[in-house]
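Overview (structure and organization)
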Amino acid sequence: MATDSVNVRAALRQQLMSDRLLGARAVPMLPPAPAGGRPRAGAAAGPADTGGKAERLQALNEQQVKACKKCDLCQTRTRTVFGQGSAGARLVFVGEAPGYEEDKQGLAFVGKAGQLLTKMIVAGMGISRDDVFICNVLKCRPPNNRDPSADEILACGPYLQEQIAIIQPEVMIALGSPAAKTLLNTAQSIGKLRGRFHEYFVSGTTGVGPSIPLMPTYHPAYLLRSPGEKRKTWDDIQLVMERLGLPQSGQA
Ligand code: URA
Ligand code: SF4
């Protein structure tokens, strides 16, 4: 029974990958992972069981980010976008900055790029968005979605650093060039960085203290413009799934 459902899920996922993630259709939620046995990407426990992480994240958001005026984006934002998901997540996604929809709703990755990210997580990885934590380098939207400036990244970076220090995920995925370059403190292009794990240093200083494996991959907004690159992102995601001990699709 359990094996059947694993096989069905693997087959479904395989079909979804070629059919949906690589294509552009709507995707239904897959049934939740069967109880027992397999590791999940998120905390199996509720918010009360994240060892105070949820409360610390909430305090960071309520007491610092929501009222932040450390850069000029505070003047043009509608709402700050702290990020959302499980405080006990084993996997954290980091994007660039809120876009139009995110700024309106106060939530990360809820626009078109967010829909593709959801497909990657749900159809591709076979887990739920609630299992992971999703946030951005910048917590406020740059006008007209322009690239974040170096000053803005410098001003906002400590919030992201603190979020990661609180969550302490096992693995991170940097979505797109600004996130990858910021987190890895490098000027290398995303095309060069992706495809293998790098080390994110929680201290913010390369080589100092504990590090978390980080997989850079293409930003979903880029994949919407260049669907031919989706296969590479899927390869990257499979390396992350392997690292997390999640059952791989395409191997059923
Ligand atoms: N692009 C991002 O980088 N982040 C979002 O939250 C939405 C779009
Ligand atoms: Fe503060 Fe970051 Fe928003 Fe700038 S982008 S105002 S540093 S929260």
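**So, the overall build of the protein chain**
The helix and strand inventory of the protein chain stands at 9 helices and 6 strands. Burial analysis of the protein chain (252 residues in total) assigns 42% to the buried set. When contacts within the protein chain are restricted to residue pairs at least 6 apart in sequence, those whose partners lie at least 24 apart make up 73%.

**Focus: helix H5 (residues 150–167)**
The terminal C-alpha atoms of H5, which comprises 18 residues, lie 25 Å apart, in line with the 26 Å expected from a rise of 1.5 Å per residue. A bend of about 40° at Cys156 is the largest found in H5, and the proline Pro158 appears one to four places after it. The set of residues buried in H5 consists of Glu152, Ile153, Ala155, Cys156, Tyr159, Leu160, Gln163, Ile164 and Ile167. Tucked into the core, H5 has its buried residues touching helix H2 (53–65), strand S2 (91–95), strand S3 (133–136) and helix H6 (177–184). Count one or two residues on from H5 and you reach Gln168, which has phi positive near 45°.

**Focus: the site of ligand 2**
Lining the immediate surroundings of ligand 2 are 14 residues, of which Cys68, Cys71, Lys139, Cys140 and Cys156 lie closest. For the shell around ligand 2, a count of residues per class yields 9 nonpolar, 1 polar and 4 charged.

**Observations regarding helix H9 (residues 230–244)**
A rise of 1.5 Å per residue sets the reference length of H9, with its 15 residues, at 21 Å; its end C-alpha atoms lie 21 Å apart and thus fit the reference within 8%. Inspection of H9 places Lys230, Thr233, Asp236, Ile237, Val240 and Met241 among the buried residues, and these make up the whole buried set. Angularly, the buried residues of H9 cover 145° about the axis, an arc narrow enough to put them on a single face. Exposed and oriented more than 90 degrees from the buried face of H9 are Asp235 and Glu242.

**Overview of the nonpolar core**
Grouped together as the largest cluster of nonpolar side chains are 57 residues, with contacts concentrated most on Val92, Val94, Val132, Met172 and Ala174. Among residues more than four places away in sequence, those in contact with Ala174 are Val94, Ala179, Ala180, Leu183, Leu214 and Pro216.

Definitions and cut-offs
Residues numbered from 1 in each chain as written. Chains lettered and ligands numbered in written order. Predicted model: local features only at pLDDT ≥ 70, side-chain atom pairs only at ≥ 80, totals over all residues. Helix = DSSP H or I, 4+ residues; strand = E, 2+ residues; numbered from the N terminus. Buried ≥ 20, exposed ≤ 12 C-beta atoms within 10 Å, placed from the backbone. Contact = placed C-beta atoms within 7 Å. Expected span 1.5 Å × (residues − 1). Bend = angle between axes of the 7 residues up to and from the residue. Near = placed C-beta within 6 Å. Nonpolar A, V, L, I, M, F, W, Y, C, P; charged D, E, K, R; others polar. Arc of directions from axis to C-beta. Core = buried A, V, L, I, M, F, W, Y, C linked by C-beta atoms within 7 Å.

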